[in-house]
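Here is what each chain is made of, one letter per residue.
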Amino acid sequence: MTKKVILTFPVDATDRPLTYDLIRIYDVKVNILKAEIQPGKTGSLLIEMDADPLRIEQAIAFLNDNGVTVSPVSSKISYDDSRCINCGNCASACFSHALTIEAPDWKLQFNPEKCIACKLCLKACPLKLFKIEFSNPESC
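Per-chain numbering applies: the sequence of each chain, read as written, is numbered from 1 onward. For a predicted model such as this one, the threshold for reporting local features is a pLDDT of at least 70, and the threshold for listing and counting side-chain atom pairs is 80 or more; totals across whole chains, interfaces and linings nevertheless cover every residue. Think of the side-chain values as coming from all heavy atoms in the structure, minus any hydrogens and water.

Asks: Help me out: how do you make sense of helix α1 (residues 18-26) in this one?
Replies: In an α-helix, one turn spans 3.6 residues; hence positions three or four apart end up facing the same way. Categorising residues by exposure relies on relative accessible area from a 1.4 Å probe, with only protein chains included: less than 20% of the type maximum marks a residue as buried, more than 50% marks it as exposed, and the intermediate range marks it as partly exposed. Per the convention used, a helix needs a DSSP run of H or I reaching at least four residues, while a strand needs a run of E reaching at least two, with both numbered from the N terminus. All of the buried residues along α1 are Leu18, Thr19, Asp21, Leu22 and Tyr26. Down the axis, α1 shows its buried residues gathered within 155° of arc, on one side only. The contact definition used throughout considers only heavy atoms, calling two residues in contact when any of these lie within 4.5 Å. Its buried side turned inward, α1 meets β1 (2-9), β2 (29-36), β3 (43-50) and α2 (53-65). Phi turns positive, to about 55°, at Asp27, one or two residues after α1. To obtain the arc, one takes the directions from the helix axis to the C-beta atoms.

Asks: Help me understand the sheet that holds β2, please; the structure alone is not making it clear to me.
Replies: Two strands in a sheet stick together by hydrogen bonds in their backbones, pointing the same way (parallel) or opposite ways (antiparallel). Each pair of strands is called paired provided DSSP finds at least two bridges between the two strands. With antiparallel pairing, four strands are arranged side by side in an open sheet as β2-β3-β1-β4. Of all strands in the sheet, those bounded by a partner on one side alone are β2 and β4 (69-72). Along the sheet, successive strands turn relative to each other by an average axial angle of 30°, direction set aside. When β1 meets β4, the two strands line up antiparallel, connected through four bridges. For every element, the axis is a line fit to its C-alpha atoms; helices are fit only across the contacting stretch, and the angle between N-to-C directions ranges from 0 to 180 degrees.

Asks: Explain the packing of aromatic side chains to me, please; I cannot follow it from the model alone.
Replies: Working definition: an aromatic ring pair is given by the centre-to-centre distance plus the angle between the planes. Classification of ring pairs uses Phe, Tyr and Trp, with its six-membered ring standing for Trp, and accepts pairs whose centres are within 6.5 Å; under 30 degrees between planes counts as stacked, over 60 as edge-to-face, and the remaining range as tilted. All told, the structure shown has four aromatic pairs when counted by the stated rule. Taking 6.4 Å as the distance between ring centres and 75° as the angle between the ring planes, the aromatic pair formed by Phe110 and Phe130 counts as edge-to-face. Of this pair, Phe110 sits in strand β7 (residues 107-110) while Phe130 sits in strand β8 (residues 130-132); the two residues are 20 residues apart in sequence, bridging distant segments of the chain. Cluster of aromatic residues (ring-pair linked, three or more members): Tyr79, Phe110 and Phe130.

Asks: Quick question: what am I supposed to make of the nonpolar core here?
Replies: Across soluble globular proteins, nonpolar side chains show a tendency to be buried alongside one another. Note on terminology: a nonpolar core comprises buried Ala, Val, Leu, Ile, Met, Phe, Trp, Tyr and Cys residues joined through side-chain atoms within 4.5 Å. Counting residues in hydrophobic clusters, the biggest one holds 20 residues, and the most contacted among them are Leu99, Leu108 and Phe130. Taken together, the elements giving at least two residues each to this core come down to β5 (77-79), α3 (89-93) and β8. Either an automatic procedure or a domain database provided the assignment from which the domain bounds are taken. Here this core spans two domains, since at least three of its residues come from each of domain 1 (2-74) and domain 2 (78-132). Not counting residues up to four positions away in its chain, the partners in contact with Phe130 are Ser78, Tyr79, Cys90, Leu99, Leu108, Cys121, Leu122 and Cys125. Counting residues in hydrophobic clusters, the runner-up holds 19 residues, among them Leu18, Val28, Leu45 and Ala59.

As structure tokens, this is what we get:
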């Protein structure tokens, strides 16, 4: 099972090897897709975890016990499809193919599980319909 999540680390957890512990203790394969971490500040990691469902559940419990907030990527992404004009600008910028627009209906389709929160859709959308909550103000 593969699960994509955003980890939000409190200030006191950014100097501990918690991601390494996921690999060593829980045998979870971790693919870091995006990182915003600095010692002494809150931080975020967008990761893909690959393991059997029980191990992923145990790994998430371990992270929570260590003060790390674990959120599915889809809970951090919002898109106002009611105002979309289906121009395709965002889909052409989306290299992960989370956004697609295809025949026969030419309507924008969004698959949050493929999203890697690269934020290119934010810049590409002329109507500013996308919001991605990934950064913490303190991490800048």
